[in-house]
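Examination of the molecular architecture
Residues per chain, in single letters:
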Amino acid sequence: MKKAIRILAVVLCLVLSVTALTGCTVNLQVNVKNEGGAAAANNTPAPAPSTTQPTTQPTTQPAESKPADASATTQSPTLPAESKPADAPAAELSASSSKADIVAEYAKVYNTTKATGTFTSYDTMDLTSVLIDGKENSTVKNLAAGVVKAEGKNMPLPPYTESDPANECLITEADIASATYTDNGDGTATIKLVPIACTNSKRLQDAQGKMFNVMEDVKPTLENIKLISWAQGDADSNVTLRCDGGYAEVTYNKDTKMMTKAVYCLITIADVQHANVSFIIKDKSATATFDYKMIFPENG
């Protein structure tokens, strides 16, 4: 029993550290960035070309050449209309669409929805696994799970930073391990993206950091927990946060490109080695897996 309590102390310290890093109780004001598209007007002056043609074609009657010029100018306004389809998608997305096309569609939907500043979430975090010295420990997990439970609300689409909470989508095809598209048959579609795994991810800088509000800056947090020290090395060398297996699943209106619901699930595997807790526990290792979900919309 004493051993279990000592092990629990290690896990609780880890849990408190990782919970503090999520920031899931922080409420941010989203600065809406209005981006309007300007339409270009094509003006073709008819009088100027018509005055030069009589000099280049002296054998033709000026009166007859002018109507010809007028008919040419009446056709010119149709040119912009013919060029518009080039800007539209070449083909509608389907289940067999390429990963590049699905990611491009996700970016449009993400940017359109986030720009409104009104699509916010409620958040949950759960402890799903605990390994002590490499072995699963359900007893410790169940005891520690109550500490991990956390909820938040009023969170914008991830990722965001305090300096630019309304940042646009940074995800590229290279960041994604798998992408699926499903037409729901009711005017909506669902896209699911799984980013490639990253270790010690940085927000906005790698595949996981471009998709989620990843946990970072572990060392300062652990240094504030006075009970923790290290048998060797420091927090930088002994604590690893690996993000693997998470996903973003969004359902949206195909016409408006606005999300109707979404789930962003960040899975973080926190591994701690060579931890001392107070003067009781020496050189212990622990691994804990956390599921951090952002569920949209906030009001369900």
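Residues numbered from 1 in each chain as written. Predicted model: local features only at pLDDT ≥ 70, side-chain atom pairs only at ≥ 80, totals over all residues. Heavy atoms only, no water.

**Quick look at the overall build of the chain**
Helix and strand counts for the chain stand at nine helices and eleven strands. In the chain, which comprises 300 residues, the proportion classed as buried is 39%. Summarising the internal contacts of the chain: among those between residues at least 6 apart in sequence, 72% fall at separations of at least 24. Total accessible area computed for the chain in this model is approximately 16200 Å², and 53% of it derives from carbon and sulfur atoms. (Helix = DSSP H or I, 4+ residues; strand = E, 2+ residues; numbered from the N terminus. Buried < 20%, exposed > 50% of the residue type's maximum accessible area, 1.4 Å probe, protein only. Contact = heavy atoms within 4.5 Å. Areas by Shrake-Rupley, 256 points an atom, 1.4 Å probe, with all protein chains shown as cover.)

**Details of the packing of aromatic side chains**
By the definition in use, this model includes three aromatic pairs. Arranged with centres 5.9 Å apart and planes meeting at 40°, the rings of Tyr 106 and Tyr 110 form a pair that is tilted. Within this pair, Tyr 106 and its partner Tyr 110 are both found in helix 5 (residues 99–114), separated by four residues, close to a single helical turn. Here Tyr 106 matches Tyr 110 in class, with each residue buried. Geometrically, the ring pair formed by Tyr 264 and Phe 296 is edge-to-face, given 5.9 Å between the ring centres and 75° between the ring planes. Of the two residues, Tyr 264 sits in strand 10 (residues 259–277) while Phe 296 sits in strand 11 (residues 281–296), which places them 32 residues apart along the sequence. Of the two residues, Tyr 264 and Phe 296, both sit in the buried class. Taken together, Phe 119, Tyr 264 and Phe 296 form an aromatic cluster joined through their ring pairs. One Lys or Arg, Lys 192, reaches over the ring of Tyr 247 and ends 4.7 Å from the middle of that ring. (Phe/Tyr/Trp six-rings, centres within 6.5 Å; stacked < 30°, edge-to-face > 60°. Lys NZ or Arg CZ within 6 Å of the ring centre and 35° of its normal.)

**What about helix 5?**
Turn by turn, an α-helix covers 3.6 residues, leaving residues three or four places apart pointing in a common direction. Relative to the 22 Å expected for 16 residues at 1.5 Å per residue, helix 5 spans 22 Å between its end C-alpha atoms, a close match to the ideal helical length. Within helix 5, the full set of buried residues consists of Ile 102, Val 103, Glu 105, Tyr 106, Ala 107, Val 109, Tyr 110, Thr 113 and Lys 114. (Expected span 1.5 Å × (residues − 1).)

**Focus on the side chain of Thr 120**
Relative to the helices and strands, Thr 120 resides in the loop between helix 5 and strand 1 (121–132). The exposure class assigned to Thr 120 is buried, which follows from its relative accessible area of 12%. Among all residues touching Thr 120, those that are not within four sequence positions of it are Asn 154, Met 155, Ile 295, Phe 296, Pro 297 and Glu 298.

**Notes on the pattern of salt bridges**
Tallied over the entire structure, the rule returns five salt bridges. Two residues, Asp 183 and Lys 254, come together in a salt bridge whose shortest N-O distance is 2.8 Å. Of this pair, Asp 183 sits in strand 4 (residues 176–183) while Lys 254 sits in the loop between strand 9 (247–253) and strand 10, and the two are 71 residues apart along the sequence. Owing to a relative accessible area of 38%, Asp 183 belongs among the partly exposed residues under this scheme. With a closest N to O distance of 3.8 Å, Asp 244 and Arg 242 form a salt bridge. When its relative accessible area of 33% is taken as the criterion, Asp 244 is described as partly exposed. The structure contains a network of salt bridges with shared partners spanning Glu 92, Asp 183 and Lys 254. (Salt bridge = Lys/Arg side-chain N within 4 Å of Asp/Glu carboxyl O.)

**Considering unusual backbone geometry**
Cis geometry is found at the peptide bond from Pro 158 to Pro 159, where omega equals -5°. Mapped onto the elements of the fold, Pro 159 is located in the loop between strand 3 (150–155) and strand 4. Pro 297 follows Phe 296 through a cis peptide bond whose omega is -5°. On the secondary structure map, Pro 297 appears in the segment after strand 11. Notably, Asn 200 is not glycine yet its phi reads approximately 50°, a positive angle. Looking at where Asn 200 falls in the secondary structure, it is placed in the loop between strand 6 (198–199) and helix 7 (207–211). Look at Asn 200 and you get partly exposed, because its relative accessible area is 37%.

Limitation: the analysis is restricted to geometry and does not speak to function.
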